[in-house]
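# Structural characterization, general
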There are 2 protein chains.
Amino acid sequence: MNSAEAPAAEPDLASRLRLSVVRLNRRLRSQHTDESVSLTQLSALNTLSGCGPMTPSELAASERVRPPSMTRVIASLEEVGLVSRRQHPTDGRQSIIELTPAGADLLNAEASARERWLDKRLAELTAAERHILARASEIIDRMAGT
Amino acid sequence: MNSAEAPAAEPDLASRLRLSVVRLNRRLRSQHTDESVSLTQLSALNTLSGCGPMTPSELAASERVRPPSMTRVIASLEEVGLVSRRQHPTDGRQSIIELTPAGADLLNAEASARERWLDKRLAELTAAERHILARASEIIDRMAGT
DNA sequence: TATTGTTATACTCTATAACTATA
DNA sequence: TATAGTTATAGAGTATAACAATA
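Since the model is a prediction, treat every value here as computed from it, not as a measurement.

### Topic: the overall build of chain A
- Broken down by element type, chain A carries seven helices and two strands.
- Walking chain A from its N terminus toward its C terminus, one meets helices and strands in the order α-α-α-α-β-β-α-α-α.
- Along the longest, intermediate and shortest principal axes, the C-alpha atoms of chain A span 55 × 35 × 20 Å.
- Taking all 146 residues of chain A together, the buried fraction comes to 44%.
- Long-range pairs, those at least 24 residues apart, make up 49% of the contacts in chain A between residues at least 6 apart in sequence.
- Accessible area of chain A: about 7700 Å², with a carbon and sulfur share of 50%.
- Between the averaged position of the 19 positive side-chain charges in chain A and that of its 19 negative side-chain charges there is a distance of 5 Å.

As structure tokens, then:
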């Protein structure tokens, strides 16, 4: 397909996509219940699951947040036993964060109220629409990861 | 109970889409500069622009936030002159919020740093990819509006 | 008594700046 | 001196509960 310089075919795409993302994010956060972890926590758990144990700085870089922000996320996850920390083998300043069995279980289950809300909305779509969202999700990940 | 009617062709779509949205939202917010309005403010301005003047409660309902949250958003927009408030013609409890010329100008310009970041990312995609995002944006709006 | 809106308060998420401990 | 991480602090965004004004 054609590319890089002229997005003229989709005018205002940035504006529209930005608002869509802000609003869906708001809806997703509003589904938060006390029994479930937050979206921020879930995102970190997911990264640990996909990439394996890593240091706080590496996790912050993967999630594209600043180290102090990640310190707090890790602390909250440690507190509820979803991640654990061990010493770095050679560098006393660093530590290694890893998913606990409970953290892995939680990711496997993924049966939060938030998940159910989105699953229900997705089930109301056509297969073609879900396919578009699946492809959009990949494209967004690529953009956001840059 | 079982998600037998659920999207078998796109397993884990809810999980993946949710994470994509959270992460893109994070990137978008991080583009915030002091010269630009926030995503929350912009979303409210956009709704006022599209739907016309309305009461704080109506605006809260449109944005799907609680009235006290919208009180704060409106106050911040009033303070910088992007919206104005006038009396409700018949009900003394209510007021009408409307876009000022400055607010309309800002929406027309939309030349914030945040916008530029996303525009740049979008320009790196193919036309087909942008088309997918445009369609996904519509689908998301439909879901988030429910 | 019910509705609209605001104030008071609190929690999450994120940031920057300053600090500690280790290299 | 440089790096990894934490603590201190602040601001945005959102919520619930309690209140005021009006209907």
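### What about the protein's contact with DNA strand C?
- Lining the immediate environment of DNA strand C, one finds 24 residues, of which S38 and G92 of chain A together with R26, S57 and R93 of chain B sit closest.
- Near the protein, within 4 Å, the atoms of DNA strand C are sugar or phosphate in 69% of cases.
- In this structure, a phosphate oxygen belonging to DNA strand C sits 3.4 Å away from a main-chain N or O atom of S95 of chain B.
- At the level of elements, α4 (67-79) of chain A together with α3 (56-63) and α4 (67-79) of chain B are the ones that each hand at least two residues to the surface near DNA strand C.
- Looking at the surface near DNA strand C, the element that brings in the most residues is α4 of chain B, giving four residues.

### Things to note about the pattern of salt bridges
- All chains considered together, the criterion is met by 14 salt bridges over all chains.
- The shortest N-O distance in the salt bridge between R142 of chain A and E129 of chain B comes to 2.8 Å. Pair noted here: R142 of chain A is in helix α7 (residues 127-144) and E129 of chain B is in helix α7 (residues 127-144), and the two residues belong to different chains.
- R121 of chain B serves as the salt-bridge partner of E124 of chain B, at 2.9 Å between the closest nitrogen and oxygen.
- Relative accessible area serves as the criterion here: at 10%, R121 of chain B is assigned to the buried category.

### Points about the packing of helix α1 (residues 13-30) of chain A against helix α2 (residues 39-51) of chain B
- It is the contact of α1 of chain A with α2 of chain B, at a shortest axis distance of 10 Å, that shows an interaxial angle of 110°. Relative to α2 of chain B, the element α1 of chain A lies roughly perpendicular. Between α1 of chain A, through R18, L19, V22, R23 and R26 of chain A, and α2 of chain B, the contact on the second element is made entirely by L39, T40, L42, S43, N46 and T47 of chain B.
- Taken together, the residues of the contact of α1 of chain A with α2 of chain B sort by class into four nonpolar, four polar and three charged.

### Considerations on the side chain of D91 of chain A
- By the secondary structure assignment, D91 of chain A is in the loop between β1 (83-87) and β2 (95-99).
- Here Q94 of chain A takes part through its side chain, which lies 3.1 Å from a polar atom of the side chain of D91 of chain A.

### Observations concerning the domain arrangement of chain A
All names here are of chain A.
- Domain boundaries assigned for chain A yield domain 1 (37-110) and domain 2 (111-146).
- Relative to domain 2, the C-alpha centre of domain 1 lies at a distance of 24 Å.
- On the domain 2 side, the residues contacting the seven residues of domain 1 number seven residues.
- Overall, the association of domain 1 and domain 2 removes approximately 490 Å² of surface from exposure, summing both partners, and the carbon and sulfur fraction of that is 39%.
- When the buried area of domain 1 at its contact with domain 2 is split by residue, L39, R64 and E110 rank highest and sum to 76% of it.

Thresholds applied
Residues numbered from 1 in each chain as written. Chains lettered and ligands numbered in written order. Predicted model: local features only at pLDDT ≥ 70, side-chain atom pairs only at ≥ 80, totals over all residues. Heavy atoms only, no water. Helix = DSSP H or I, 4+ residues; strand = E, 2+ residues; numbered from the N terminus. Buried < 20%, exposed > 50% of the residue type's maximum accessible area, 1.4 Å probe, protein only. Contact = heavy atoms within 4.5 Å. Areas by Shrake-Rupley, 256 points an atom, 1.4 Å probe, with all protein chains shown as cover. Lys, Arg positive; Asp, Glu negative; His and termini not counted. Charge placed at Lys NZ, Arg CZ, Asp CG, Glu CD. Near = heavy atom within 4 Å. Polar contact = N/O pair within 3.5 Å; in protein donor to acceptor, adjacent residues only side chain to side chain. Salt bridge = Lys/Arg side-chain N within 4 Å of Asp/Glu carboxyl O. Axes fitted to C-alpha atoms, helices over the stretch in contact; angles between N-to-C directions. Parallel < 35°, antiparallel > 145°, perpendicular 65-115°, else oblique. Nonpolar A, V, L, I, M, F, W, Y, C, P; charged D, E, K, R; others polar. Domains from an automatic or database assignment. Buried area = accessible area lost by both parts, 1.4 Å probe.

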